[in-house]
Amino acid sequence: MKYLIGNHKMNLSEAELKSYFKSLKKIAKNSSNFVGVCVPYVYLPLANKMCKNTKIHYGAQNMFYEKNGAFTGEISADMLKDFNTEMVIIGHSERRNIFKETDELVNKKVLSALANNLKPIICVGETKDERENKQTNKVLKTQIKKALANVEAQSLNQIIFAYEPVWAIGTGVSATVEVAEKTIKFIKEIIAKMYDLQDLNKIIVLYGGSLNEKNGFELLSQSHIDGGLIGGASLKTEKFEKIINIKI
Ligand code: PGA
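Just so you know, these numbers come straight off a predicted model, no measurement behind them.

Rules used in this analysis
Residues numbered from 1 in each chain as written. Predicted model: local features only at pLDDT ≥ 70, side-chain atom pairs only at ≥ 80, totals over all residues. Heavy atoms only, no water. Helix = DSSP H or I, 4+ residues; strand = E, 2+ residues; numbered from the N terminus. Rg over C-alpha atoms; globule rule 2.2 N^0.38 Å. Buried < 20%, exposed > 50% of the residue type's maximum accessible area, 1.4 Å probe, protein only. Contact = heavy atoms within 4.5 Å. Areas by Shrake-Rupley, 256 points an atom, 1.4 Å probe, with all protein chains shown as cover. Axes fitted to C-alpha atoms, helices over the stretch in contact; angles between N-to-C directions. Parallel < 35°, antiparallel > 145°, perpendicular 65-115°, else oblique. Left-handed = near helix turned anticlockwise from the far one by under 90°. Nonpolar A, V, L, I, M, F, W, Y, C, P; charged D, E, K, R; others polar. Salt bridge = Lys/Arg side-chain N within 4 Å of Asp/Glu carboxyl O. 1 Å grid on protein atoms, 1.4 Å probe; cavity = no way out; pocket = protein on both sides within 12 Å on 5 of 7 lines; lining within 4 Å. Points joined across faces, edges and corners; volume = space filled by probe spheres on them. Expected span 1.5 Å × (residues − 1). Pairing = 2+ DSSP bridges.

Across its full length, the protein chain holds ten helices and eight strands. In summary, the protein chain has a C-alpha radius of gyration of 17 Å against a globular reference of 18 Å for 248 residues, a match within 12%. Oriented by its inertia axes, the alpha-carbon framework of the protein chain measures out at about 45 × 45 × 35 Å. Residues classed as buried in the protein chain amount to 52% of the 248 residues present. Considering only intrachain contacts with a sequence separation of at least 6, the fraction spanning at least 24 residues in the protein chain is 72%. Summed over all atoms, the accessible surface of the protein chain reaches about 12,200 Å², with 51% contributed by carbon and sulfur.

See below:
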């Protein structure tokens, strides 16, 4: 079983998403994979309505860590739960880069998501410069350690990690299979070391960054890659279906 989770980012209208869910419902029904999609906040009520009694898992793309208060424009974990939201992407590189989210903020959001029974999808990844300067392992280690500060071992099975090299997101150039597999194994080893775990298979890490119907088979057939966080190729169900239906 692989996790195939779409990240719609700031795309699709309500009407488009309605027909999207109608098609995805059938696709998910016939799949043994975990099929999910993270939609803009305003469509969570629609997701709540349309994904009920289906095999589609849905989530938000962000949240704030405080319970309530004077935080104009923000959305709390409780608000997400009001619409039966299951997952929430935290620390996506677009949030880190465009909205200047820090590792400390990511950590607060992770702790709040876990306390509210949401599955955080924690994104980590290096930039092109960092990879070229051989900083990848150091950057990933810092991002992971900081994101998981004060997270208890028993919460690990509630977390999905996503390795998303920044240089591969939305560029059409995915990481090579070798790089993705090796880096994801490294991520699992860091987490295993932090929590004294023997079994790397207990840690779920997805690959994200230009994963599509063409390179999906190669990437998803790697043993440490537990699935994909898919942006562009998840926006049309015809494309997303091809990835969901890949037989490993
Ligand atoms: P992409 O985005 O598949 O369009 O590269 C992935 C992501 O940002 O989660």
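The next point concerns the packing of helix α5 (residues 103–115) against helix α7 (residues 136–147). Packing of α5 against α7 brings their axes to within 8 Å, and their N-to-C directions diverge by 40°. With respect to their mutual orientation, α5 and α7 come out oblique. In the crossing of α5 with α7, the sense of the turn from one axis to the other is right-handed. Counted together, D103, E104, V106, N107 and V110 of α5 and T142, Q143, K146 and A147 of α7 form the full contact between these two elements. In the contact of α5 with α7, the residues fall into three nonpolar, three polar and three charged.

On inspection of all chains with the given rule, the structure shows 14 salt bridges. Between K67 and D78 there is a salt bridge, and its shortest N-O distance comes to 2.6 Å. With a gap of eleven residues between them, K67 in the loop between β3 (56–60) and α3 (77–82) and D78 in helix α3 connect regions that are remote in the sequence. On the basis of relative accessibility, which here comes to 56%, the residue K67 falls in the exposed class. Between K239 and E213 there is a salt bridge, with the nearest N and O atoms lying 4.0 Å from each other. Linking K239 in helix α10 (residues 237–244) with E213 in the loop between β7 (205–208) and α9 (216–220), this pair joins segments that are 26 residues apart in sequence. A relative accessible area of 38% places K239 in the partly exposed class. Through salt bridges with shared partners, one network takes in R95, E101 and K109.

This part covers the layout of surface pockets. The space that makes up the largest pocket amounts to roughly 450 Å³. If you go around the largest pocket, you meet 16 residues; those closest to its centre are M10, Q61, N62, R95 and F99. A total of three residues in the lining of the largest pocket trace back to one element, the largest contributor, which is helix α4 (residues 93–98). Residues belonging to the lining of the largest pocket are distributed by class as follows: seven nonpolar, five polar and four charged.

Before going further, it helps to spend a moment on helix α1 (residues 14–29). Between the first and last C-alpha of α1 there are 22 Å, a value that for 16 residues agrees with the 22 Å anticipated at 1.5 Å per step. Of the residues making up α1, those classed as buried are L17, Y20, F21, L24, I27 and A28.

One non-glycine residue with positive phi stands out, namely N84, at about 55°. For N84, the location among the structural elements is in the loop between α3 and β4 (87–90). Classification of N84 by relative accessible area gives partly exposed; the value is 48%. Phi is positive for S210, which is not a glycine, with a value near 55°. Residue placement: S210 occurs in the loop between β7 and α9.

Within strand β5 (residues 119–124), five of the six residues are buried, which leaves the element mostly enclosed by the surrounding structure. In this structure, β4 lies alongside β5, joined through four bridges in parallel fashion. Looking at β5, one finds that I90 is bridged to I122. Pairing analysis gives four bridges linking β5 to strand β6 (residues 160–163), with the strands arranged parallel. Paired with I121 across the strands is I160, a residue of β6.

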